[in-house]
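# Examination of the molecular architecture
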Amino acid sequence: MTHDATVFVVDDDQAMRTSLQWLIESTGMSVQTYESADVFLASYYPGRAGCLLLDVRMPGMSGLELQSHLAREGYRLPVIMITGHGDVAMAVKAMKAGAVDFIEKPFHDEDLLRSIRRALDYDERHRADQAARADIAARLAELTPREHEVMAMVTDGKSNKDIAAALGVSAKTVEAHRARVMEKMRADSLAELVRMALIASADGPATR
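Please read all numbers here as calculations on a predicted model, not as lab measurements.

### With respect to the overall build of the protein
- Of the regular secondary structure elements, the protein holds 9 helices and 5 strands.
- Each helix and strand of the protein, ordered N terminal to C terminal, gives the series β-α-β-α-β-α-β-α-β-α-α-α-α-α.
- Here the C-alpha atoms of the protein give a radius of gyration of 23 Å, more than 25% beyond the 17 Å that 2.2 N^0.38 yields for 208 residues.
- In terms of its C-alpha atoms, the protein occupies a principal-axis envelope of roughly 75 × 30 × 30 Å.
- Expressed as a percentage of its 208 residues, the buried residues of the protein come to 40%.
- Of all intrachain contacts in the protein linking residues separated by at least 6 positions in sequence, the fraction that spans at least 24 positions is 62%.
- Of the side-chain charges in the protein, 25 are positive and 31 negative, and the distance between the mean point of each set is 8 Å.

And the structure:
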């Protein structure tokens, strides 16, 4: 959990906002509260680390509508929905739309704090994945078109001999291309190169 992460609380109930702020701050976590979705959107800027604790029912833009708006804008802030009795169907809808959890009122403080910690951990992992993918993309950009071809075949399990035949070059030339690929990608092994290729194709986790 990063130290600069913030728990953003959006709830139209002032007493609930005050109670949540006290609870969250008592654990050493940073928190900011907002009385409506519009006020939150006016002050939030993309890229801030943290999670969003969101009341599902609010005047004006509801919690579900705010969640949908953030998704459309491409904001990947983890959402925890706070629901009242009888709002379980709405909470399930929120989960299907990407919320990481929902908490039903009345809730136990530890249950809420546990959910917040999970959401912050999720956000940290996601940001680490994004950074890793960006790093690999930058390395891939250094490869020549032929080196891209060689890397694709190497990570597909083809031998130097097979690659040479497919490209119409000598095995020695393939070895030279392969060495440059390993160097530019800063891969210490074939297994690491394969992992990078999977990450670049979005088929694998960027961090382990």
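Back to the write-up after that little detour.
### Details of the UniProt feature "modified residue: 4-aspartylphosphate" (unreviewed entry) in the protein
- Taken from the UniProt record, the annotation "modified residue: 4-aspartylphosphate" (unreviewed entry) applies to D55.
- Residue classification places D55 among the buried residues on the basis of a relative accessible area of 6%.
- Beyond its immediate chain neighbours, meaning those up to four positions away, D55 contacts V10, D11, D12, G63, I82 and K105.

### Some details on the nonpolar core
- Counting residues in each nonpolar core, the largest one holds 21 residues, and the members touching the most others are V7, L20, I24, L53, L112 and I116.
- For this core, the elements supplying multiple residues, two or more each, are β1 (6–10), α1 (14–25), β3 (50–55), β4 (79–83) and α5 (109–140).
- Filtering out sequence-adjacent residues up to four positions away, L20 remains in contact with V9, L53, I82, F107 and L112.

### Concerning helix α3 (residues 63–72)
- Those residues of α3 that fall on the buried side of the exposure criterion are G63, L64, L66, Q67 and L70. Taken around the axis of α3, the buried residues stretch over an arc of 160 degrees, which confines them to a single face.
- Where the residues of α3 are buried, they touch β1, α2 (37–43), β3, β4 and α4 (88–96).
- Following α3 by one or two positions, G74 adopts a phi angle in the positive range, close to 85 degrees.

Rules and cut-offs
Residues numbered from 1 in each chain as written. Predicted model: local features only at pLDDT ≥ 70, side-chain atom pairs only at ≥ 80, totals over all residues. Heavy atoms only, no water. Helix = DSSP H or I, 4+ residues; strand = E, 2+ residues; numbered from the N terminus. Rg over C-alpha atoms; globule rule 2.2 N^0.38 Å. Buried < 20%, exposed > 50% of the residue type's maximum accessible area, 1.4 Å probe, protein only. Contact = heavy atoms within 4.5 Å. Lys, Arg positive; Asp, Glu negative; His and termini not counted. Charge placed at Lys NZ, Arg CZ, Asp CG, Glu CD. UniProt positions renumbered as here; feature names shortened; annotations may be inferred. Core = buried A, V, L, I, M, F, W, Y, C linked by side-chain atoms within 4.5 Å. Arc of directions from axis to C-beta.

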